[in-house]
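Below, each chain spelled out in residue letters.
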Amino acid sequence: MEPGSITRTALVSRLLPFSCVDGPGNRLVLFLQGCNFRCPGCHNPHTIGLCDHCGDCVPGCPSGALRLHQGRVSWQQDLCTHCDRCLDGCPRQASPKTESMSVAEVLAQLRRYGPLLTGITVSGGEATTQLPFVVALFTAIKQAPDLAHLSCLLDSNGSLAETGWQRLLPVLDGAMIDLKGWRDSVHHALTGQGRERVLASLQLLASRGKLSELRLLHVPGRTDFLDGSGELDEGLARFLQGLGPVPIRLNGFRRHGVRGGALDWREATRPELESLAKALIAKGLGSVALPAIC
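Residues numbered from 1 in each chain as written. Predicted model: local features only at pLDDT ≥ 70, side-chain atom pairs only at ≥ 80, totals over all residues. Heavy atoms only, no water.

**A closer look at the nonpolar core**
1) Next: If you look at the biggest cluster of nonpolar residues, it comprises 70 residues, and the most contacted ones within it are Leu137 and Phe138.
2) Next: At nine residues, the largest contribution of residues to this core is made by helix α3 (residues 131–143).
3) Next: Contact partners of Leu137, with chain neighbours within four places excluded, come to Leu30, Val103, Val106, Leu107, Ile120 and Val122. (Core = buried A, V, L, I, M, F, W, Y, C linked by side-chain atoms within 4.5 Å. Buried < 20%, exposed > 50% of the residue type's maximum accessible area, 1.4 Å probe, protein only. Helix = DSSP H or I, 4+ residues; strand = E, 2+ residues; numbered from the N terminus. Contact = heavy atoms within 4.5 Å.)

**Details of the UniProt feature "domain: Radical SAM core" (unreviewed entry) in the protein chain**
1) Next: UniProt feature "domain: Radical SAM core" (unreviewed entry): in the numbering of this structure it lies at residues 21–285.
2) Next: Taken end to end, residues 21–285 is 30% helix and 18% strand, and its two terminal C-alpha atoms sit 22 Å from one another. (UniProt positions renumbered as here; feature names shortened; annotations may be inferred.)

**Things to note about the pattern of salt bridges**
1) Next: The final tally for this structure, using the stated rule, is 13 salt bridges.
2) Next: A salt bridge links Glu272 to Arg266; the shortest N-O distance between them is 2.7 Å.
3) Next: Here the salt bridges do not stand alone but share partners, grouping Asp155, Asp178 and Arg215 into one network. (Salt bridge = Lys/Arg side-chain N within 4 Å of Asp/Glu carboxyl O.)

**Concerning the sheet that holds strand β10 (residues 248–252)**
1) Next: Pairing is mixed in the open sheet, where nine strands are placed in the order β5-β1-β2-β6-β7-β8-β9-β10-β11. Taken across any chain shown, the strands that pair with only one partner, and hence form the sheet edges, are β5 (99–102) and β11 (288–289).
2) Next: In this sheet, strand β6 (residues 119–123) lies alongside strand β2 (residues 27–32) in parallel orientation, the contact comprising five bridges. Residue pairing across strands places Phe31 opposite Ser123, the latter belonging to β6.
3) Next: In the packing of α3 onto the sheet, contacts are made with β1 (9–19), β2, β5, β6 and β7 (151–156), and the angle to β6 comes to roughly 180 degrees. (Pairing = 2+ DSSP bridges. Axes fitted to C-alpha atoms, helices over the stretch in contact; angles between N-to-C directions.)

**Quick notes on the packing of aromatic side chains**
1) Next: Inspection of the entire model under this criterion finds three aromatic pairs.
2) Next: Centre to centre, the rings of Phe18 and Tyr113 are 5.1 Å apart; their planes meet at 75 degrees, and the pair counts as edge-to-face. With Phe18 in strand β1 and Tyr113 in helix α2 (residues 103–113), this residue pair connects regions lying 95 residues apart in the sequence.
3) Next: Taking relative accessible area as the criterion, Phe18 reaches 35% and is therefore assigned partly exposed.
4) Next: Take Tyr113: its relative accessible area is 15%, and that puts it in the buried class.
5) Next: Here Trp182 and Phe239 contribute two aromatic rings whose centre-to-centre distance is 5.7 Å and whose plane-to-plane angle is 45 degrees, an arrangement assigned as tilted. Here Trp182, found in the loop between β8 (174–179) and α5 (184–191), pairs with Phe239, found in helix α7 (residues 234–243); they are 57 residues apart in sequence, far enough to count as distant.
6) Next: Exposure remark for Trp182: the relative accessible area of 10% places this residue in the buried category.
7) Next: Phe239 sits in the buried class, given a relative accessible area of 11%. (Phe/Tyr/Trp six-rings, centres within 6.5 Å; stacked < 30°, edge-to-face > 60°.)

Written out as structure tokens, the structure reads:
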């Protein structure tokens, strides 16, 4: 490990000690703040932006947990009731309820809960926007005799360039990547970005055996995974077949947590997801999982 890596920090939105839905087994999940996509249907829109310390959230805090001092907003965690008024009112889709954590501090949390954990998942926001921290953290875990048994997974939108993946791959056990639209215009409408980086990431990770899961989000009337006859789009089918035997997870759009125009979007139904699953299986794409609750 490079000197000073243990002190490298990241801006953290939340640390979840135990989760059974962010990868296999029981995992500690680290949600990093900041995302380079602008998905209108995001369920955690407060993790997208970075606080610019404008102070707009301070007067509305009913518990006095937020203060503006010398041009910076500070969060008093012991006073916070988590009413989330600060999140709802932020014009930048940010959060004042973040903290800076070092690699050493995350390692301490892993050691605290280690006997009960299968591994760690770093999520977001978009975790790769703080890539040096993720690389340093995973490297430290792999080099620590008491932590090396923990698997290191990444939950990502797939926007990282190949040079970034090459830095991460040696210490990465697997990545879970979202594909939110097939045609570039659809992907752009649903994320604010084009699809090319995502497709390249999926191909690179699959070729290295590190694509743990590909996730398709169905938004009724907006996603384009099926053609007009209800069959899987031929171009998408060829692309997915080219990845090899990669587990696919289907998710259906829900309005929980979203803001703005997406509140008017129709939620996905179980039959719609089952139809998409059948279309994938019909093209020889097995290991298709549906959400437990829909």
